[in-house]
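Descriptive analysis of the structure
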Amino acid sequence: MGLSANWKLILWTVCMAFLSPGSQGRNRNWHQLIGPNGSSGDETGRALVLAFGYPVVEELLARRVRAAQIAGILRLTPFIVAATIINAVVVAPVFLQFLPTPYIGTWMAAIAILLGVTLFKWIMIKGTPIELASSRDLTRTVRYATIFGFLWAVVPIAAFANGNTAGMWIASCVTTAMICSGGFALATVPQAAFRWVAILFLASSITLAIHGHAYMWPLFFLLLSCTLVVIGSVTASGWLFASHFLAEAELKHRGELIALLLNEFEEKASDWIWETDAAGCLRNVSGRFLHASGRSRQALHALRMVDLASSLDDGDARAAVADLENALASQEAFRDIVIGVDVQGEGRWWSLTAHPVFDDTGAFAGYRGVASDITEARRASALVSHLAEHDSLTGIGNRSWFLKQSELLLEEQRRSSTANVTLFLIDLDNFKVVNDTSGHPAGDELLRQVAKRFAQLGEGSTMLARFGGDEFAALGRFVSDEAARAFAEDLVNVTRKPFRIGRRDFAVGATVGFARLGDGGDTIDDLMRKADIALYKAKEGGRGRALEFESEMEREVRERRALESDLREAFDLGKLNVDFQPIVDARSGKVVSSEVLVRWLHPTRGEVPPDTFIPIAEHAGLILPLGSWVLRKACAAAAQCPELESVAVNLSSVQFMDPHLVEHIMSVLAETGFPPERLVLEITESVFLQDYGSASRKLETLRGHGIRIALDDFGTGYSSLSYLRQYKFDKIKIDKSFVDEIGERSDGLAIISAVIALAHNLGLEVTAEGVEHQLQVDALRTLGCDTMQGYYFGKPQASPVQIARIRKEDWQNRTPSTAPRNPSALGTADPQPDAMEGLKVDRF
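Residues numbered from 1 in each chain as written. Predicted model: local features only at pLDDT ≥ 70, side-chain atom pairs only at ≥ 80, totals over all residues. Heavy atoms only, no water.

1. Thoughts on the packing of aromatic side chains
With the rule as written, the count across this model stands at 17 aromatic pairs. Their ring planes at 75 degrees and their centres at 5.5 Å tell us that Phe424 and Phe478 sit as a pair that is edge-to-face. Pair noted here: Phe424 is in strand β6 (residues 421-428) and Phe478 is in the loop between β8 (471-477) and α18 (481-494), with a separation of 54 residues, a long-range link. Residues Phe571 and Trp629 carry aromatic rings whose centres are separated by 6.5 Å and whose planes lie at 90 degrees to one another, so their mutual orientation is edge-to-face. Taken as a pair, Phe571 in helix α20 (residues 551-572) and Trp629 in helix α22 (residues 623-638) lie far apart in primary sequence, 58 residues in all. An aromatic cluster of at least three residues, connected via ring pairs, comprises Phe334, Phe358, Phe364 and Tyr367. (Phe/Tyr/Trp six-rings, centres within 6.5 Å; stacked < 30°, edge-to-face > 60°. Helix = DSSP H or I, 4+ residues; strand = E, 2+ residues; numbered from the N terminus.)

Printed below as a string of structure tokens:
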């Protein structure tokens, strides 16, 4: 890039050279035009400001540049002195015609003194090269140029002031010549050149103004153009000078660096020259070769290179001996043959490159080549390969290594026409609990111990790998299905034993899905897919067990995926509906609330129960948008029915784990205008099994906004009572399974009575679900149940306004025969008893 691309920097630099030469070390404004690293985007700007004395390089280099600038002027000193004397001799006789002799004598004396000082200093330093110069030396040069400039500025002013024609012609010629010659002579120090040119230009301009000649303006513009040319030339010369010096300095620096690197290479290089004679025996052994081989010169002269290659007892080294022998026997050039050499009991690896040598008669005379020790590079490569194929945490194989080895094993199985390979996929149970409660270091140690147990279990018979997280895989040959099942059970059982980490014991367990290689030419991807399906089914069945893949599972998976696709389409196209089931006050019989139910009427499958499609929605990631839609739909509809005291919406555990749950619910309430005091959120104990730590905080936040919380399906879990102690609820709902036992089992009625008494003592409201008979209504009223819901009180409706119109007389004393038990009244396609409860969103 040339100077033209840095016009702002040039203009500023030139102006500062005119206005304040010698202030470069003090003025810091140049930082605004130069980049943060001392350059204006390239070396051009840096060279320019360096030529004008600015500290854009390290001080030592700057001192060298200043010395070179001053030396450039000193080389021209004899010519400058001679030209000055000639000009003075020419000017003096002419000016004596119209100026007093003392004036001329004084001027000549001043010129002579300055020339004398200049010649004296030049003679003093002539034999001593200037290597370093300070900014003060540069300022002194500018000062000399300024004094000379003022002395010669007297010439045109005196001539034009007196109006002598001969004097004006001589002054004009001398001044013009001095502007040009002085500017170019001082070009290596642009500040001095600019000061010289500026003084003479201003003096000439003043003389033109004093004389007032008719041709003043043309002469002024001629003078200006000449001055600008000199300024531009001086700027370019200074830049070229500094650029050249910077380039030389950079080349010198690079040369020193290269020399340093070469010296270091010579000291630390692992390469050496080797030679053999026609018989293959080593000769002309260098010191580097002696050091690398760990043998004496006499011992090496008695050996061949093949003998050295045979000294290491290693499989790869033995294979390399044959390659080397063939290469040497061919009497042709070869390169990068790797051999193993025993060096004082240590295995070292050399890379050999050589070309044949022939004598004057053309006969083969041996080999000459280069050898290098690549042991460290080989070890590094082996380490990289190991890290690329092994899990850094546990030391066992990773997914990439496992798949590669599995492909090789399956190919071997195909060639041998056998099919006894089994692939196992293993997931640890409750591993997240360890990470969350004891930190990731404890989780890492647990994974290491698990990998160790798995490795000991399958040692010699299976390949083991960690796929990531708490997922492991194993592949091995098993002679029978029973042997494969036994190994899978062993994988489960070995994780049931506690793991000691620090001072604590952890029990995690594992779930295993496995698949046997069939006769249909399965690939590793097929085995992985089948084992993954079996693992999913095992988890679905309760974890902590091993399950073998069966073809029926694949059919179920296909159906599940088809149902998932249909569910996505139904949700996107708005084919899902919400209904409202009435909840009545047990004492007054008035409908006081309702529970929201989700309906999906499939075009070919008919009514799909929520307990079928809700788990699919959770697995497919649809539960959050679906839950948001249900909540918004329910609140918007219930807001139009103020007769209902509340509306209940079920939350799934996935929804409850959403960190933005509270914000989202409050946003929906604000959007629909539904009061939070009228909203009841129903949750089951599965929420507390999956949401660690934050459940209590979320419940408190929701209740703080006025939203009521109900514990659904109370009594069906193994720790429902403990949840009543740990968390705050407003209502509990007795599960339908207990209500069904009224009139059939006395212990069922006793349980309901105890639950109602317990809830009332805790200040909780009680709702009984699944009420279908008058006997159940009477019993629940007698036991003090607060509210009841069930098909007995009426079918669900699409609008809460419709269920709000249900009166006590509509259902009181209704006999079972007159209750609308026909599911067609609900619009269902499949008749099923207790359809009402079947439509409830148990986890929604």
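2. Details of the environment of Arg368
With respect to the helices, strands and loops of the structure, Arg368 is situated in strand β5 (residues 364-373). C-alpha of Arg368 to C-alpha of Ala333: the two residues are 35 residues apart in sequence and 9.6 Å apart in space. Not counting chain neighbours up to four residues away, the residues in contact with Arg368 comprise Ile273, Trp274, Glu275, Ala354, His355 and Val357. (Contact = heavy atoms within 4.5 Å.)

3. Some thoughts on the nonpolar core
Core analysis: the biggest nonpolar cluster contains 75 residues, and Leu679, Phe688 and Phe729 have the highest contact counts within it. Sorting elements by how many residues they give to this core places α22 first, with seven residues. Phe688 has contacts with Ile683, Ala695, Leu699, Leu711, Tyr723, Tyr727 and Phe729, leaving out every residue within four places of it along the chain. Membership of the second largest hydrophobic core comes to 50 residues, among which are Ile73, Ala88, Ile104 and Val234. (Core = buried A, V, L, I, M, F, W, Y, C linked by side-chain atoms within 4.5 Å. Buried < 20%, exposed > 50% of the residue type's maximum accessible area, 1.4 Å probe, protein only.)

4. Digging into the layout of surface pockets
If a probe the size of a water molecule is rolled over the atoms, the empty space left behind becomes visible. Here the second largest pocket is characterised by a volume of approximately 830 Å³. Looking at the second largest pocket, it is lined by 32 residues, and the ones nearest its centre are Ile73, Thr77, Thr118, Tyr144 and Leu186. Secondary structure elements with two or more residues in the lining of the second largest pocket: α3 (59-75), α4 (77-95), α5 (101-125), α6 (135-162) and α7 (165-185). (1 Å grid on protein atoms, 1.4 Å probe; cavity = no way out; pocket = protein on both sides within 12 Å on 5 of 7 lines; lining within 4 Å. Points joined across faces, edges and corners; volume = space filled by probe spheres on them.)

5. Thoughts on the sheet that holds strand β7 (residues 462-468)
Strand pairing in a sheet takes place through backbone hydrogen bonds and is either antiparallel or parallel in direction. Taken in spatial order, the five strands line up as β7-β8-β6-β11-β12 in an open sheet, and their pairing is mixed. The outermost strands of the open sheet, each flanked by one partner alone, are β7 and β12 (546-548). Across the sheet, the mean angle from the axis of one strand to that of its neighbour is 20 degrees, orientation sign disregarded. Bridge count between β6 and β8: seven bridges; the pairing is antiparallel. (Pairing = 2+ DSSP bridges. Axes fitted to C-alpha atoms, helices over the stretch in contact; angles between N-to-C directions.)

6. Quick look at the pattern of salt bridges
In the structure shown here, the tally under the stated rule is 39 salt bridges. Arg368 is the salt-bridge partner of Glu275, the closest N and O atoms lying 3.6 Å from each other. Of the two residues, Glu275 sits in strand β1 (residues 271-276) while Arg368 sits in strand β5, which places them 93 residues apart along the sequence. Of the charged contacts, one joins Glu554 and Arg529 as a salt bridge, the two residues approaching to 2.0 Å between their closest N and O atoms. You can see Glu554 sitting in helix α20 and its partner Arg529 sitting in helix α19 (residues 524-540), a full 25 residues away along the chain. Of the residues examined, Glu554 reaches a relative accessible area of 18% and is grouped as buried. Accessibility expressed as a relative area gives 31% for Arg529, which makes it partly exposed. Within the structure, one salt-bridge network assembled from shared partners comprises Glu346, Arg348, Asp373, Glu376 and Arg379. (Salt bridge = Lys/Arg side-chain N within 4 Å of Asp/Glu carboxyl O.)

7. Description of the confidence of the model for the protein
Across the protein, the average pLDDT comes to 81, with 86% of residues at or above 70. Within the model, pLDDT remains below 50 along residues 1-5, and this stretch shows nine contacts once partners closer than five positions in the same chain are excluded. In the predicted structure, residues 22-33 sits below a pLDDT of 50 and forms 21 contacts with residues beyond four places in sequence or in another chain. (pLDDT = per-residue confidence, 0-100.)

8. Let's talk about empty space enclosed by the protein
Tallied over the entire structure, the rule returns two cavities of 30 Å³ or more. Of the volumes computed, that of the second largest cavity is approximately 40 Å³. Of all the secondary structure elements, the ones that give two or more residues to the lining of the second largest cavity are α22 and α24 (661-672). The residue inventory of the lining of the second largest cavity, partitioned by class, reads five nonpolar, four polar and no charged. (Nonpolar A, V, L, I, M, F, W, Y, C, P; charged D, E, K, R; others polar.)

9. A short note on the packing of α6 against α7
At their nearest, the axes of α6 and α7 sit 8 Å apart, and the two run at 155 degrees to each other. With respect to α7, the element α6 is oriented roughly antiparallel. Of the two elements, α6 crosses α7, and the hand of that crossing is left-handed. Contact residues: α6 offers Trp152, Val155, Pro156, Ala159 and Phe160, while α7 offers Gly167, Met168, Ala171, Ser172, Val174, Thr175 and Met178. Its residues assigned to classes, the contact of α6 with α7 shows nine nonpolar, three polar and no charged. (Parallel < 35°, antiparallel > 145°, perpendicular 65-115°, else oblique. Left-handed = near helix turned anticlockwise from the far one by under 90°.)

10. Brief notes about unusual backbone geometry
In most cases, non-glycine residues show a negative phi, while peptide bonds are predominantly trans. Of note, Asn284 is a non-glycine position whose phi angle comes to about 50 degrees, a positive value. Summarising the element assignment, Asn284 is placed in the loop between β2 (282-283) and α10 (287-293). Given the relative accessible area of 52%, Asn284 is considered exposed.

11. Regarding helix α30 (residues 774-783)
Among the residues of α30, those classed as buried are Gln774, Gln776, Val777, Ala779 and Leu780. Once α30 finishes, Gly784 follows within two positions and takes phi at roughly 95 degrees, a positive value.

12. Quick word on helix α26 (residues 695-704)
Looking at α26, one finds that the buried residues are Ala695, Lys698, Leu699 and Leu702. In an axial view of α26, the angular spread of the buried residues amounts to 100 degrees, which keeps them on one side of the axis. Exposed positions of α26 whose direction lies more than 90 degrees from the buried face are Arg697 and Gly704. One or two positions beyond α26, positive phi appears at Gly706, with a value near 100 degrees. (Arc of directions from axis to C-beta.)

13. Examining the sheet that holds strand β4 (residues 346-358)
Taken in spatial order, the five strands make up an open sheet running β2-β1-β5-β4-β3, and their pairing is antiparallel. A single partner strand is all that each edge strand has here, and the edge strands are β2 and β3 (334-343). With five bridges joining them, β1 and β5 adopt antiparallel strand pairing. From the neighbouring strand, Ile273 faces β5, where its bridge partner is Val370. Strands β3, β4 and β5 of the sheet are contacted by helix α13 (residues 315-329), whose axis makes an angle of about 135 degrees with β3. Of the strands in this sheet, β3, β4 and β5 are in contact with helix α14 (residues 375-389), which crosses β4 at around 125 degrees.

14. Thoughts on the environment of Ala166
Examined against the element boundaries, Ala166 turns out to sit in helix α7. Once the C-alpha coordinates of Ala166 and Val94 are considered, the two residues, 72 residues apart in sequence, prove to be 7.2 Å apart.

15. A word on the environment of Gly521
You can see Gly521 is positioned in the loop between β11 (510-516) and α19. The class of Gly521 is exposed, set by a relative accessible area of 51%. It is 9.4 Å that separates the C-alpha atoms of Gly521 and Leu410, two residues lying 111 residues apart in sequence.

16. Regarding the state of the cysteines
Across all of its chains, the model carries zero disulfides by this definition. Just so you know, Cys180 is unpaired, no disulfide at all, and the nearest cysteine sulfur is the one on Cys226, 3.6 Å from it. For Cys180, a relative accessible area of 22% puts it in the partly exposed group. (Disulfide = S-S within 2.5 Å.)

17. Remarks on the pairing of strand β20 (residues 765-768)
Of the strand pairs in this sheet, strand β19 (residues 731-734) and β20 are connected by four bridges, and their pairing is parallel. Directly across from Lys733, in β20, lies its bridge partner Thr767. Alignment of β20 against strand β21 (residues 787-789), held across two bridges, turns out to be parallel. Residue Thr767 lies in a different strand from β21, and its bridge partner there is Thr787.

18. Quick word on a nonpolar patch on the surface
Together, Phe120, Met124 and Ile125 line one region of the surface with nonpolar side chains, adding up to about 310 Å² of accessible area. With respect to the secondary-structure elements, Met124 resides in helix α5. Its relative accessible area of 55% is what places Met124 among the exposed residues. (Patch = residues over 30% accessible without salt bridge, like charges linked within 9 Å, V, L, I, M, F, W, Y side chains within 5 Å. Areas by Shrake-Rupley, 256 points an atom, 1.4 Å probe, with all protein chains shown as cover.)

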